[in-house]
Amino acid sequence: QTFRHGFPFSPTALAWDPIQKLLAIGDKGGNLRISIHFLSGNSLGGPGVDAHVRHEAGEAVLHAQFLINEGALVTATADDQLHLWTFRQKSPQRVQSLKFQRERITCLHLPLQSKWVHVGTERGNVHVVNIETFALSGYVINWNKAIEV
């Protein structure tokens with residue numbers, strides 16, 4: 001195991017869980033670092049403990065969003081994939097992945113205590129992904145329909 005110290009090189013995404021006091025930083029090389037800085041009693045350990053994982057393809061982590069107080073994190077990478085990570089055990093693990101085929105992911109939004117992630121794309125559409133099944137819901141807010149309202 002390698003010792004890691006300092007801030008990740010070329011950070012590209014940041015997420016914060018205010019309940020568990022977790023900070024996740026994604027970088028240009030597909031690395032993901034989850035740090036505990038304030039509270040002990042978390043599944044990862046006590047204050048100052050870091051966990052490091054890497055996305056298999058090594059694509060840049062563009063977006064990160066915690067499932068607040070649930071021990072999980074959603075990331076979006078430059079190859080237009082969503083990844084669901086769990087850190088309820090000692091080492092974080094990727095549980096699910098979902099590839100977007102025709103649209104590039106530009107933003108993520110996960111409302112508090114919701115099981116639905118809203119995924120914005122460069123075409124202006126918003127797709128809805130169920131966290132429990134990690135599948136597209138089929139419900140899409142199309143940009144051209146939204147401006148007609």
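Everything discussed here concerns the structure shown above.
About the cut-offs
Within any chain, residue numbers begin from 1 and follow the written order of that chain's sequence. Totals for whole chains, interfaces and linings use every residue, but because this is a predicted model, local features are given only for residues with pLDDT of at least 70 and side-chain atom pairs only at 80 or more, for both listing and counting. Side-chain metrics rest on all non-hydrogen atoms present in the structure, leaving aside hydrogens and water. Only strands that DSSP links by at least two bridges are regarded as paired with each other. We count a stretch as a helix when DSSP gives it H or I for four or more residues in a row; a strand needs E for two or more, and each element gets its number in order from the N terminus. Geometry is summarised by axes, namely lines fitted to C-alpha atoms with helices restricted to the contacting stretch, and by angles between N-to-C directions that run from 0 to 180 degrees. When a carboxyl oxygen of Asp or Glu is within 4 Å of a side-chain nitrogen of Lys or Arg, the pair counts as a salt bridge. For every residue, the accessible area (1.4 Å probe, protein chains only) is compared with the maximum for its type, and the residue is labelled buried under 20%, exposed over 50%, or partly exposed between those bounds.

**Section: the sheet that holds strand S11 (residues 126–130)**
Okay, step 1: Ordered in space as S9-S10-S11-S12, the 4 strands form an open sheet in which the pairing is antiparallel. In the strand order of this sheet, the two ends are held by strand S9 (105–109) and strand S12 (135–141), each with one partner. Averaged over all neighbouring strand pairs, the angle between strand axes comes to 30°, with direction disregarded.

**Some remarks on the pattern of salt bridges**
Okay, step 1: Throughout the structure, instances matching the rule amount to 3 salt bridges.
Okay, step 2: Across the salt bridge formed by Glu 56 and Arg 94, the nearest N and O atoms sit 2.9 Å from each other. Of this pair, Glu 56 sits in the loop between strand S4 (50–54) and strand S5 (61–67) while Arg 94 is found in strand S8 (residues 93–99), placing the two residues 38 residues apart along the sequence.
Okay, step 3: Glu 56 gets classed as exposed once you look at its relative accessible area, which sits at 67%.
Okay, step 4: Here Glu 70 makes a salt bridge to Lys 115, at a shortest N to O gap of 3.2 Å. Highlighted residues: Glu 70 in the loop between S5 and strand S6 (72–77) and Lys 115 in the loop between S9 and strand S10 (116–121), separated in sequence by 45 residues.
Okay, step 5: Using a relative accessible area of 26% as the deciding quantity, one classes Glu 70 as partly exposed.
Okay, step 6: Residue Lys 115 is classed as partly exposed on the basis of its relative accessible area, which comes to 30%.

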